[in-house]
Amino acid sequence: MSQDDAKRQAAEAALEFVTDDMIVGVGTGSTVNHFIDALAGMAARIEGAVASSEASAERLRKYRIPVLELNDTGDLPLYVDGADEFTVHRALIKGGGGALTREKIVAGASRRFVCIVDQSKRVDWLGSFPLPVEVIPMARSFVARQLTRLGGQPELRSGVTTDNGNVILDVHNLEIMEPIETERRINDIPGVVCNGIFALRPADEILIAGPDGIERIR
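For the structure given in this document, a descriptive report is provided here. (Residues numbered from 1 in each chain as written. Predicted model: local features only at pLDDT ≥ 70, side-chain atom pairs only at ≥ 80, totals over all residues. Heavy atoms only, no water.)

Here we look at the pairing of strand S2 (residues 48-51)
Okay, so step 1: Of the two faces of S2, the one lined by Gly48 and Val50 and the one lined by Ala49 and Ala51 are each fully buried.
Okay, so step 2: In this sheet, S2 lies alongside strand S1 (residues 23-26) in parallel orientation, the contact comprising 4 bridges. Of the residues in S2, the one forming a bridge with Gly25 is Val50. (Buried < 20%, exposed > 50% of the residue type's maximum accessible area, 1.4 Å probe, protein only. Helix = DSSP H or I, 4+ residues; strand = E, 2+ residues; numbered from the N terminus. Pairing = 2+ DSSP bridges.)

Re the pattern of salt bridges
Okay, so step 1: Inspection of every chain in the model, using the stated rule, returns 15 salt bridges.
Okay, so step 2: Across the pair Arg8 and Asp4 runs a salt bridge whose closest N-O atoms are separated by 3.3 Å. In this pair, Arg8 and Asp4 both sit in helix H1 (residues 3-13), 4 residues apart, roughly one turn of the helix.
Okay, so step 3: The class of Arg8 is partly exposed, set by a relative accessible area of 31%.
Okay, so step 4: When its relative accessible area of 36% is taken as the criterion, Asp4 is described as partly exposed. (Salt bridge = Lys/Arg side-chain N within 4 Å of Asp/Glu carboxyl O.)

Some words on unusual backbone geometry
Okay, so step 1: Even without glycine at this site, Arg90 takes up a positive phi of about 70°.
Okay, so step 2: Looking at the secondary structure, you find Arg90 in the loop between strand S4 (85-86) and strand S5 (92-93).
Okay, so step 3: In this structure, Asn173 is a non-glycine residue whose phi angle is positive, near 60°.
Okay, so step 4: As for its position among the elements, Asn173 is in the loop between strand S9 (167-172) and helix H7 (179-187).

Considering the packing of helix H2 (residues 30-39) against helix H3 (residues 54-62)
Okay, so step 1: Relative to each other, H2 and H3 sit at 20°, their axes nearing to 9 Å. One way to sum up the angle between H2 and H3 is to call them roughly parallel. Crossing of H2 over H3 shows right-handed handedness. Contacts between H2 and H3 involve Asn33, Ile36, Asp37 and Leu39 on the former and, on the latter, Ser56, Arg59 and Leu60.
Okay, so step 2: Partitioned by chemical class, the residues of the contact of H2 with H3 number 3 nonpolar, 2 polar and 2 charged. (Axes fitted to C-alpha atoms, helices over the stretch in contact; angles between N-to-C directions. Parallel < 35°, antiparallel > 145°, perpendicular 65-115°, else oblique. Left-handed = near helix turned anticlockwise from the far one by under 90°. Contact = heavy atoms within 4.5 Å. Nonpolar A, V, L, I, M, F, W, Y, C, P; charged D, E, K, R; others polar.)

Things to note about a nonpolar patch on the surface
Okay, so step 1: A contiguous nonpolar patch, built from Ile136, Met138 and Val193 and spanning about 310 Å² of accessible area, is present on the exposed surface.
Okay, so step 2: You can call Met138 exposed: its relative accessible area is 79%. (Patch = residues over 30% accessible without salt bridge, like charges linked within 9 Å, V, L, I, M, F, W, Y side chains within 5 Å. Areas by Shrake-Rupley, 256 points an atom, 1.4 Å probe, with all protein chains shown as cover.)

Considering the environment of Ala43
Okay, so step 1: Checked against the element boundaries, Ala43 lands in the loop between H2 and S2.
Okay, so step 2: Counting along the chain gives 111 residues from Ala43 to Pro154, while the straight-line C-alpha distance between them is 41 Å.
Okay, so step 3: Beyond its immediate stretch of four places on either side in the chain, Ala43 contacts Tyr63 and Ile65.

Okay, here's the thing in structure tokens:
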């Protein structure tokens, strides 16, 4: 099974959580693109979707799935998104696609967060994947110095501006042994909009696709 086939398998497995007349929170990334493609078959049965990025919103509209605003919908019953890393404790690193802030907002507004991944994203602890941190542009150098003091090596993601008009620092070589504490510490740095650790609001369930089918972590 190729990695893309595994992503598709995980994405299609998440359809079991989608019910008629539901408003679905939809994340961002290659695995989520497969979920949107699969969700197209249910387009007439759902009320619509809240997208965590302009890219996902465009893909949803292509399938004529109504894209709704979170300010208008209120809390959501379901959010489906991928991850760059996950642990057995359901903590995640997200933000490889640059949409971490909106992803965290929609996840926080959802009663159930289902994460869809292939088995290559499993780690013993977070940090092998560079941690994305969204930063207000004027604070970039200041925030980078603070992240260095935490033990990481921040690097500006060149040529990238988020949907919110900010920049991203990717923090390398940061071993995240206590993800909740690290998430809080980074968020407390002035100028940080959001960081890509999802531990304060972890996934409720992770669907992991591999050669033997779907593994679930709850």
